[in-house]
Each structure stands twice: as structure tokens, then as C-alpha cells.
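Residues per chain are reported as follows:
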Amino acid sequence: MGLGDTLREPYLGISEKGSPEAPTKILIVLMKPVERDILLNIKTLIEKEFNVQIFFKLEREYVPISAFDWKNLSYNSSLVLEKLEQRTLDLNSFFSLIIFLGRLKTSNSNINLKSRVAFVNFTEERKLLKDVGISVGKYLGLDDCNEECMMNPKSSRIELCKKCIMKLKKRDSDINYK
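What you see is a predicted model; the values in this text were computed from it and never measured.

Analysis parameters
- Counting from 1, residues in each chain are numbered in the order their sequence is written.
- Note on the predicted model: pLDDT of at least 70 is required for a residue's local features to be given, and 80 or more for side-chain atom pairs to be given and counted; whole-chain, interface and lining totals, by contrast, use all residues.
- Where side-chain values are given, they derive from all heavy atoms of the structure, hydrogens and water being excluded.
- Exposure classes here rest on a 1.4 Å probe applied to the protein chains alone. A residue is buried below 20% of its type maximum, exposed above 50%, and partly exposed in between.
- The numbering of helices and of strands both runs from the N terminus, where a helix is a DSSP run of H or I of at least 4 residues and a strand a run of E of at least 2.
- In this scheme, strands are said to pair when DSSP sees at least two bridges between them.
- Only Phe, Tyr and Trp rings are paired, with Trp represented by its six-membered ring, and only when their centres lie within 6.5 Å; those with planes under 30 degrees apart are stacked, over 60 edge-to-face, the remainder tilted.

Participant: If you had to explain the pairing of strand S6 (residues 97-102) to someone new, which residues and values would you point to?
Facilitator: Burial within S6 is extensive, with six of its six residues counted as buried. Going residue by residue along S6, you find Leu97, Ile99 and Leu101 tucked away on one face and Ile98, Phe100 and Gly102 tucked away on the opposite face as well. Where strand S2 (residues 25-30) meets S6, five bridges bridge the pair, whose relative direction is parallel. Bridge pairing in S6 links valine 29 to phenylalanine 100. With five bridges joining them, S6 and strand S8 (residues 117-121) adopt parallel strand pairing. Bridged to phenylalanine 100 within S8 is phenylalanine 119.

Participant: An account of unusual backbone geometry is requested, with residue identities and associated values reported.
Facilitator: The phi dihedral of asparagine 51 is positive, around 55°, even though this residue is not glycine. In this fold, asparagine 51 is placed in the loop between helix H1 (36-50) and strand S3 (53-57). The buried category is assigned to asparagine 51, whose relative accessible area is 16%. The backbone phi angle of leucine 73 is positive, close to 55°, even though this residue is not glycine. Among the secondary structure elements, leucine 73 is positioned in the loop between strand S4 (68-69) and strand S5 (74-75).

Participant: Quick one: what's the story with the packing of aromatic side chains, residue by residue and with numbers?
Facilitator: Scanning the model with the defined rule gives three aromatic pairs in all. Ring plane angle 70° and centroid distance 5.6 Å describe the contact between phenylalanine 55 and phenylalanine 95, whose orientation is recorded as edge-to-face. Linking phenylalanine 55 in strand S3 with phenylalanine 95 in the loop between helix H2 (77-87) and S6, this pair joins segments that are 40 residues apart in sequence. One exposure class covers both phenylalanine 55 and phenylalanine 95, and it is buried. Seen from their ring centres, phenylalanine 68 and tryptophan 70 are 4.5 Å apart, and the 65° between their planes marks the pair as edge-to-face. Tryptophan 70 sits in the exposed class, given a relative accessible area of 59%. One aromatic cluster in this structure is built from Phe68, Trp70 and Tyr75.

Set out below in C-alpha cells:
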């Protein structure tokens, strides 16, 4: 039984205790089953590092077959993001960023952020945490970092460095980061 199963809610905000005043609301949409502990780890990490409010959409979403490239036998990354973005147009007024978690063989190993929609390929938990964090960081204006930091793709660290925290503080002094 996953988060919200007993409540039959399509969207579940499990961050009511964390930071309900956070101006940035992020929706994470599941495209494959994800264990409750992993979802809670995502919530804890993202709220701690970025001071945002996390919601989960528990009803599974699927990528339409029209995004599949039959010649290369993989999904076309650009089409995947385009289709997912079209499906979420009515949610843009509620959520700043929508992240889809799934497992797809795509033409690119990672599907980058497109406007306010991102897709994260789910492999193993630690990589998932880092990839979700990178998507949120890029949305909030962070670039790749050279320090031991979540925003450094070569680093295994899943926390932000002081340099990135300072960039976030400078970007918006109204938000209390860390």
C-alpha cells in the first residue's frame, strides 16, 4: 500500500509539516510504482535542501506510443517532454515544477528540464534522489557546480554546497534556505 492509497486522493501533499508557506510547490508524478520509503526520502531531501513544498500524484501516468521512435527502438526525449508538458497545462497555475518519475529507454540518457516539466529516469534510489535534486536546482536557477555538491553531476553527494546555497539565498532573500 502506497502513500494516500487509503485516502483515494489523486494528489498527496506529504509536506504539510515541512514548509507549507514555501512559495514553490512541486508535483512529482509517478510513471511506475515507487516504494513509500523512497518517496519520503525524496520529500525529506528536497524540502531540506530547497525549502519547497512537495506533492505526489499517485495515479500512474503513461507516455503515449506516439513518442516512441521505432527506428531507434527508444522513446524520443523531446517528444516525451512535449507530451508530458501538454498533459500538465491545467496544473501550471498550481505547481511551479512538475517532475515525472519513470523508467524509459530514451534517445538521451537523461531528459532535461523543459520549461516547468522534467522527466527523471528511475534507476536506483541514490541516483534518483540526486537527479530529482538536480531538476529542482536547475529550475530554481542553479547551474552545474564544480564543488562536492548535488549540482555536480560527477559528485556522489546529494546535498548542496555552500556556494549553491549562497546562490539560492541571493536569488531570493525572502526564502530561508537552510
